[in-house]
Amino acid sequence: MRILGLDYGTKTVGVALSDELGITAQPLETITRKDENKLRKTYARIEEIAAEYKVEKIVLGYPKNMNNTIGERGMATEAFRDSLVRRTGLDVILWDERLSTVASNKVLMESGVRRENRKKVIDQVAASMILQGYLDSL
């Protein structure tokens, strides 16, 4: 069973994928768009990935505020989740992603990845950290 991990942002969606045993998460790609509200191609690409890898579940990063409240980005993520459920028919789990991008940046810096190269992969690394956190909880 493969699980897809997503880090949903205003202009990008980081994508990660679990191995078939559901033990490890690997970064896969970053889906980009020019406008925050133009999501048709983003949804289509997620559907393609889900079909290609026979994904059975999606874990979506849920950006809560540090005081555990849900802000504007959290509400946008909930709407994104609802659309993903309608479009894919898959179970979409919201997973607390607080500080995942900060942690991803730190990992990339410690790995010696140059700043300009970090921007290209940070969202997929964040998605893999979100997905790995979910997998570890199982």
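How each quantity is defined
Chains are numbered independently. Their residues run from 1 in the order of the written sequence. Local features in this predicted model are restricted to residues of pLDDT 70 or higher, and side-chain atom pairs are both shown and tallied only at a pLDDT of 80 or more, whereas totals for entire chains, interfaces and linings draw on every residue. Computation of side-chain values covers all heavy atoms of the structure but excludes hydrogens and water. The patches reported here contain residues having more than 30% relative accessible area and no salt bridge. Joining distances are 9 Å for like charges and 5 Å for nonpolar side chains (Val, Leu, Ile, Met, Phe, Trp, Tyr). All accessible areas in this document rest on Shrake-Rupley with a 1.4 Å probe, and a residue is counted as covered only by the protein chains that are shown. Salt bridge, as used here, is a side-chain nitrogen of Lys or Arg placed within 4 Å of a carboxyl oxygen of Asp or Glu. Working convention for charge: Lys and Arg count positive, Asp and Glu count negative, and His plus the chain ends are omitted. Lys charges are placed at NZ, Arg charges at CZ, Asp charges at CG and Glu charges at CD. For helices the rule is a DSSP run of H or I covering at least 4 residues; for strands it is a run of E covering at least 2, with both sets numbered from the N terminus onward. Any residue under 20% of the maximum accessible area for its type is buried, any over 50% is exposed, and the rest in between are partly exposed; the area is computed with a 1.4 Å probe on protein chains only. Should any heavy atoms of two residues lie within 4.5 Å, those residues are counted as being in contact.

Undergrad: So what exactly am I meant to see when it comes to a positive patch on the surface here?
TA: Positive charge collects at one region of the surface, where Lys 34, Lys 38, Arg 40 and Lys 41 lie side by side. In this fold, Arg 40 is placed in helix 1 (residues 40-52).

Undergrad: Hey, could you run me through the side chain of Gln 124 in this one?
TA: Checked against the element boundaries, Gln 124 lands in helix 4 (residues 115-137). Residue Gln 124 is classed as buried on the basis of its relative accessible area, which comes to 12%. If sequence neighbours within four positions are ignored, Gln 124 has contacts with Gly 14, Val 15, Ala 16, Pro 27, Leu 28, Glu 29 and Thr 30.

Undergrad: How do you make sense of the environment of Val 113 when you look at a structure like this?
TA: Position of Val 113 relative to the elements: it lies in the loop between helix 3 (100-110) and helix 4. With a relative accessible area of 24%, Val 113 lands in the partly exposed category. Measuring from C-alpha to C-alpha, the distance between Val 113 and Pro 27 comes to 15 Å, with 86 residues separating the pair along the chain.

Undergrad: Could you clarify how one ought to interpret the pattern of salt bridges in this entry?
TA: This structure, assessed with the given rule, holds five salt bridges. The shortest N-O distance in the salt bridge between Arg 45 and Glu 29 comes to 2.7 Å. Residue Arg 45 is found in helix 1, and its partner Glu 29 is found in strand 3 (residues 25-32); the two are separated by 16 residues along the sequence. Across the pair Arg 81 and Asp 82 runs a salt bridge, and its minimum N-O distance is 3.0 Å. Linked by salt bridges that have partners in common, Glu 29, Arg 45 and Glu 48 make up one network.

Undergrad: Is there a simple way to explain the environment of Ala 25 in this structure?
TA: On the secondary structure map, Ala 25 appears in strand 3. Residue classification places Ala 25 among the buried positions, given a relative accessible area of 15%. A sequence separation of 21 residues divides Ala 25 from Leu 4, and the C-alpha atoms of the two residues are 8.7 Å apart. Excluding anything up to four places from it in sequence, Ala 25 contacts Leu 17, Ser 18, Ser 128, Leu 131, Gln 132 and Leu 135.

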